[in-house]
Each structure stands twice: as structure tokens, then as C-alpha cells.
Amino acid sequence: MKPLRTWLAVAGIVAIGDQAFFVVLSLFLLSSYGSGIAASFLTATSVARLALILVGGWAADRWSPYRCIQVGLVLRIASFLIVGLDSLGGPSVPLLSCGVVLFGAGDGLYLPSSGALLKRLTDHGDFSRTISWVQVITSVATGLAGATSGFSFEAVPLHTLFFSFALLALAAFALFHAIPRAPSPAPEAEGPPAHQPPSSTTASLRTVMTANGGTVAVGLLTAFLIDASLSGALNIVLPARYLELGWGGGACGAAVCLFALGGVLGGVIASRIPADRLAVRNAVINGGILVFAALTCALYFALPEPVSLALVAALGLCAGVAAPTLIGDIMNNTPPEFAGRVYSAINLVTYGSAPIAYAACGFLMARFSTAAPFLVGAALLALGGAVRAATTPKPE
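Residues numbered from 1 in each chain as written. Predicted model: local features only at pLDDT ≥ 70, side-chain atom pairs only at ≥ 80, totals over all residues. Heavy atoms only, no water.

## Description of the overall build of the protein chain
The number of helices and strands found in the protein chain is 12 helices and zero strands. Along the protein chain, helices (α) and strands (β) appear in the sequence α-α-α-α-α-α-α-α-α-α-α-α when read from the amino end. A total of 396 residues make up the protein chain; the buried ones form 48% of that total. Long-range contacts, defined as pairs at least 24 residues apart, comprise 84% of the intrachain contacts of the protein chain with a sequence gap of at least 6. (Helix = DSSP H or I, 4+ residues; strand = E, 2+ residues; numbered from the N terminus. Buried < 20%, exposed > 50% of the residue type's maximum accessible area, 1.4 Å probe, protein only. Contact = heavy atoms within 4.5 Å.)

## What to know about the packing of aromatic side chains
Here the structure, examined in full by the defined rule, presents 12 aromatic pairs. An angle of 70 degrees between the planes, with centres 6.0 Å apart, marks the rings of Trp7 and Phe176 as edge-to-face. Within this pair, whereas Trp7 is found in helix H1 (residues 2-33), its partner Phe176 is found in helix H6 (residues 158-176), the two being separated by 169 residues in sequence. For Phe176, a relative accessible area of 2% translates into the label buried. Considering the side-chain rings of Phe80 and Phe103, the 5.9 Å spacing of their centres and the 35 degrees angle between planes classify their relative orientation as tilted. Of this pair, Phe80 sits in helix H3 (residues 65-89) while Phe103 is found in helix H4 (residues 93-121), placing the two residues 23 residues apart along the sequence. The exposure classification of Phe80 matches that of Phe103, with both residues buried. Through successive ring pairs, a cluster of aromatic residues spans Phe21, Phe80, Phe103, Phe162 and Phe165. Of note, Arg76 hangs over the ring of Tyr110, and the distance from its end group to the ring centre comes to 4.6 Å. (Phe/Tyr/Trp six-rings, centres within 6.5 Å; stacked < 30°, edge-to-face > 60°. Lys NZ or Arg CZ within 6 Å of the ring centre and 35° of its normal.)

## Observations concerning the environment of Leu295
Its place among the elements puts Leu295 in helix H9 (residues 278-298). Excluding its chain neighbours within four sequence positions, the residues that come into contact with Leu295 are Leu311, Ala314 and Leu315.

## Topic: the side chain of Asn347
By the element assignment, Asn347 lies in helix H11 (residues 339-367). Looking at Asn347, its side chain comes within polar contact range of the main-chain oxygen of Tyr343, at 2.8 Å. (Polar contact = N/O pair within 3.5 Å; in protein donor to acceptor, adjacent residues only side chain to side chain.)

## Thoughts on the nonpolar core
Within the largest apolar cluster, 66 residues are counted, with the highest numbers of intra-cluster contacts made by Trp7, Tyr110, Phe176, Tyr242 and Phe292. Filtering out sequence-adjacent residues up to four positions away, Trp7 remains in contact with Ile69, Tyr110, Ser114, Leu117, Leu118, Leu121, Phe176 and Ile179. In terms of nonpolar packing, the next biggest core, distinct from the first, is built from 21 residues, Leu25, Tyr33, Phe41 and Ala169 among them. (Core = buried A, V, L, I, M, F, W, Y, C linked by side-chain atoms within 4.5 Å.)

## Things to note about empty space enclosed by the protein
For the structure on display, the rule yields two cavities of 30 Å³ or more. Reported here for the largest cavity is a volume of approximately 50 Å³. Every residue along the wall of the largest cavity is listed here: Leu238, Arg241, Tyr242, Leu245, Trp247, Leu299, Phe301, Leu303, Ser308 and Phe374. In terms of residue count, helix H7 (residues 205-244) provides more of the lining of the largest cavity than any other element does, three residues in total. Here the lining of the largest cavity is built from residues that sort into eight nonpolar, one polar and one charged. Of the volumes computed, that of the second largest cavity is approximately 40 Å³. Lining the second largest cavity are Ile13, Val14, Gly17, Asp18, Arg76, Phe80, Phe165, Leu168 and Ala169. Among the secondary structure elements, those contributing two or more residues to the lining of the second largest cavity are H1, H3 and H6. (1 Å grid on protein atoms, 1.4 Å probe; cavity = no way out; pocket = protein on both sides within 12 Å on 5 of 7 lines; lining within 4 Å. Points joined across faces, edges and corners; volume = space filled by probe spheres on them. Nonpolar A, V, L, I, M, F, W, Y, C, P; charged D, E, K, R; others polar.)

## Remarks on the packing of H3 against H6
Two quantities define a packed helix pair, namely the angle between the axes and the distance from one axis to the other. Across the interface, H3 lies against H6 with an axial gap of 8 Å and an inter-helix angle of 165 degrees. By the angle between their directions, the pair H3 and H6 is classed as roughly antiparallel. When you trace H3 past H6, the crossing you get is left-handed. Its residues assigned to classes, the contact of H3 with H6 shows 20 nonpolar, four polar and one charged. (Axes fitted to C-alpha atoms, helices over the stretch in contact; angles between N-to-C directions. Parallel < 35°, antiparallel > 145°, perpendicular 65-115°, else oblique. Left-handed = near helix turned anticlockwise from the far one by under 90°.)

## Side note on H3
Its 25 residues give H3 an end-to-end C-alpha distance of 36 Å, which sits within 8% of 36 Å, the value for a rise of 1.5 Å per residue. Two to three positions downstream of the cap, the backbone nitrogen of Tyr66 sits 3.2 Å from a side-chain oxygen, assigning the N-cap of H3 to Ser64. Residue Gly90 follows H3 closely and has a positive phi angle near 100 degrees. (Expected span 1.5 Å × (residues − 1).)

Put into C-alpha cells, the structure is as follows:
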């Protein structure tokens, strides 16, 4: 159990550094280059991340998740140092470009490899509980980092902040070496064979996706719907709607905090759902998606501010329960030899859904109304939830 706790500590440290880096980097880019160039730099980071996610899972399975995580952390350290040098010596587009691309590449290696390693460190059936605690830890870490980094940007020299992020990543790198490279294999589940992942000696990626009623494939599609709805609604539609209603930036900030708090509470609840209670887990996922759809639909209406904020908190709670339960079921149906590639696919639908959601929300807001994406998102979630409920295999 000690290696797992060590890894959770590493994940928390990395989450603090990443979130603080993104906040400070965004403020630095906006103040030094303006919104257009700032958006270009952040896009370059996203493209590099997505490109490496595509190969990061394969590298974790074929090479080693330990080595991929080490390389990802080293690239993080180099990125923070380069951006710090850029802020110290004056803006330099080539130097800054190198820094942000390295960060995206490092994150692309780190994300799928972290799932593959977590699979190795976790007993079969316990992945759901572990990923729930990962969500709680990272939510708390990112909330704290986001709250403090904005103030630090005004009070601390920029290069000092970026160099401190490098030290934080270095601490995570050092702590990571306390995790043994070859933990004992996770024991097989004692449940019925239909609910176990396919044998790694006969499995291919296609059989992994389609085994047990297509649990992995359907789960990935469900994750895409949830993340597309979340990213579009929270990052674009909700702030625009609040500004349209005259509530200002304070309401937007309160909504983000309440959503995060709901996610933390949801993660704690998800960690208490037994891995062998398949009927309960499916009911949580399917019911959570449908409740998610109803809450998203409710945000379409011009409700009083306290009611709207309560709905956002409930969205966070719902996502906090359903998402780690869903991811846990996907990974519990994945052999360890395919964990990197499947977790890579999870991250790909998570981060890859954002550009699609942003473009769709922008079109709907321009063509119809500011709140129109809420209705479309709710309809897609309801359809996805109904399809998943209809295709969920009955436990034996």
C-alpha cells in the first residue's frame, strides 16, 4: 500500500505545480503579448499534449510507465526553467515557444503513463476507489493552487514563481523514485468470468474494447459526452450566461469553487461504492448521466443566482460520483498490458473533446442564444444515458 500512497502524493504535487503554472503562464502571456498570441501559445501546448497522448499510452505499455513518467517530469522541469529564464531576460518568442511545447509534450507522456502505473499499483477491483481518491486529491490541489497563484502573480517576481514550479516538479521526481519499479502483480478478481478483463495472452486492443458487452468502448463514448458537456458549459457558456444576466465575474468564480467542492464530495462518495456491486455501479453511472442532463437543462432558464449556483454545485457532485466510477469500470475491464493505451484513450477523449465543445458552443451561441448549448448538451447527455442504460449487460 505504501507505493500507492507515494504515487498519490506525487500526483498531488504535480497537480499543484501544473495548475499554478497554467494560471501564472496565462497571466504572463496576456500581460506580455496580448490575447491573440497568448491563445496561440496555449494552443501549441494543447496540440503538443494531444500528440504525445496518442503515443504515450503505447510507450507506457511497450516501454515502461515508470520511464515515461520520469521523462514527463524531466520535460516539466525543463519547461518551467525555460519559461522562467524567458521571464527573467525579457520576452523571447522562440524561447517561450520551446518551454510551452516541452510542457505539453511532458504532460502527454505523463497522463497515460500515470493510469498505467496506477493499474499496476492497485489490486484488481480497487482501481475505482483509487481513482476516486486521485480525483479528490487533484481537485483539492488544483483549487488551492488556483486560489494562491493569482495573488502570487502580483506579489512575487515571475522568474521566482516559474523556478519554484521547477523545484516542485523536482521534488515530485525525487519522491517518485521511492516507488518500486516492479510491484507484485495485482491479484485476479474473484467475481464471475464475464466481469473480468480478457486474458492478456489472447487479448488484442479490439477485444479489450468489445469485451463484457463493450464496457470499455461504451465507457469511452460516455466519458466523451460528459467531458464535452462539462468543458463547453463551464468554460464558455456559463460565464457568458452569467455576464448576460449581469451577475459579473464574482458569480463565475463562485461557480468554479462550488463545482470543485461538489467534485470533491462526489469523489469521496464514489470511493465508497464497492467494486463488486456491478448493478449499483451501473445504476450510479446511468442515473448520474441522466441527472447530469436534467441539471444542464435547468441552467438554460434564467433562474435566481443562488439557485443557479446550487445547480452548478450539484453538477460537480454528480460528475464527481459518476466520472471516477465510470473510469474505474473501464480500467477494471482492461488487462495491465493495455492499461497505458486505454488510459491514453480516456485522456484523449477528455482533452480532445474541449476544442470540439468550444467550437460547437460558439456556433450555437452565435446562431441561437447564449443559453442554447445547455439544451443541446442536455439532449446529448440524455440520449447517451438512455443508450448506455439500454446496452448495459445485466450482472449474473
